[in-house]
Amino acid sequence: TKGYGLDEIKADIKTALAEKRLLSFAYGLYYQPSKAGLKPTSLDAIKLRYIGDGHSAYGFFYGPFFIKDYLGQPFDDRQLIEVVTNKATSIKKAVYMFSRRFVIRRSYAPIDSDNADSLAFLTYLSSASDSEVEANISVLSTYIRDKHLSSDLLMGFSDKVPSKTYRRLYSTGLYRSLWKR
């Protein structure tokens, strides 16, 4: 059997677009039209392009969006969303894509499915204000337990994240959630 090459994939996509079996959302991002006629949202496109595709993880939400995403709360369309991703080429860059302005940031360490939860948690601790962390202590403690974060797992990033992250983990008492399992 002949392998499925790039030319064949492009031809199949072009045929599917012509037959309306696929629709283009943005350059390189296609979707299958639903019977309800619903088009993916810009947030769906951001998640697919910069956070994960369902099989692998390569990013997460930054700042207050980390908490909102974990709690399943809706994002306000007027807020500037920030994402930490492997696909960022600079430390911080404002992007206009999918009819929305958002910010992509480079991660402290390469993100994969095994460490995305740990890095998301540590990045939130290093970037949030003390008052924001204090206000979300119970949510963060639940996150630690839900994602099965251990001290060994988090300490593996000690040379990659700012030292204030671990000081904050200790000063807020969140480290106690790590030892309870």
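### Some details on the overall build of the chain
Point 1. Broken down by element type, the chain carries 9 helices and 6 strands.
Point 2. Its C-alpha atoms give the chain principal-axis dimensions of about 60 × 45 × 30 Å.
Point 3. Taken across its 181 residues, the chain has 39% of its residues classed as buried.
Point 4. Contacts spanning at least 24 positions in sequence make up 48% of the contacts within the chain whose residues lie at least 6 apart.
Point 5. In the chain, 27 positive and 19 negative side-chain charges are present, and the distance between their average locations comes to 4 Å.

### What about unusual backbone geometry?
Point 1. One non-glycine residue, Lys20, lies in the positive phi region at around 65°.
Point 2. Structurally, Lys20 can be placed in the loop between helix 1 (6-18) and strand 1 (23-26).
Point 3. The exposure class assigned to Lys20 is exposed, which follows from its relative accessible area of 58%.
Point 4. The backbone of Ser99 sits at a positive phi, close to 60°, despite the residue not being glycine.
Point 5. Tracing the backbone shows Ser99 in the loop between strand 5 (92-97) and strand 6 (100-106).

### Quick word on the nonpolar core
Point 1. Grouped together as the largest cluster of nonpolar side chains are 28 residues, with contacts concentrated most on Phe121, Leu140 and Leu169.
Point 2. Among the secondary structure elements, those contributing two or more residues to this core are helix 3 (64-71), helix 4 (116-127), helix 6 (137-146) and helix 8 (163-171).
Point 3. Per-element accounting of this core gives the leading share, 7 residues, to helix 4.
Point 4. The residues touching Leu169, leaving out its near neighbours within four places in the chain, are Phe121, Leu125, Leu154, Leu174, Tyr175 and Leu178.
Point 5. With 19 residues, the next largest nonpolar core counts Ile46, Phe61, Ile81 and Ile104 among its residues.

### As for the confidence of the model for the chain
Point 1. When pLDDT is averaged along the chain, the result is 88, and 96% of the positions lie at 70 or above.
Point 2. Within the chain, strand 3 (residues 59-61) carries the highest mean pLDDT (96), whereas strand 2 (residues 29-31) carries the lowest (79).

### Section: the sheet that holds strand 5
Point 1. Strand order in the open sheet made by the 4 strands is 3-4-6-5, with mixed pairing throughout. Strands at the two margins of the open sheet, each flanked by one partner only, are strand 3 and strand 5. Shown here is a sheet whose adjacent strand axes are inclined to one another by a mean of 30°, direction ignored.
Point 2. Strand direction decides the pairing type here: strand 5 and strand 6, joined by 6 bridges, are antiparallel. Its bridge partner lying in strand 6, Lys93 is registered against Ile104.

Reading the values: the criteria
- Residues numbered from 1 in each chain as written.
- Predicted model: local features only at pLDDT ≥ 70, side-chain atom pairs only at ≥ 80, totals over all residues.
- Heavy atoms only, no water.
- Helix = DSSP H or I, 4+ residues; strand = E, 2+ residues; numbered from the N terminus.
- Buried < 20%, exposed > 50% of the residue type's maximum accessible area, 1.4 Å probe, protein only.
- Contact = heavy atoms within 4.5 Å.
- Lys, Arg positive; Asp, Glu negative; His and termini not counted.
- Charge placed at Lys NZ, Arg CZ, Asp CG, Glu CD.
- Core = buried A, V, L, I, M, F, W, Y, C linked by side-chain atoms within 4.5 Å.
- pLDDT = per-residue confidence, 0-100.
- Pairing = 2+ DSSP bridges.
- Axes fitted to C-alpha atoms, helices over the stretch in contact; angles between N-to-C directions.

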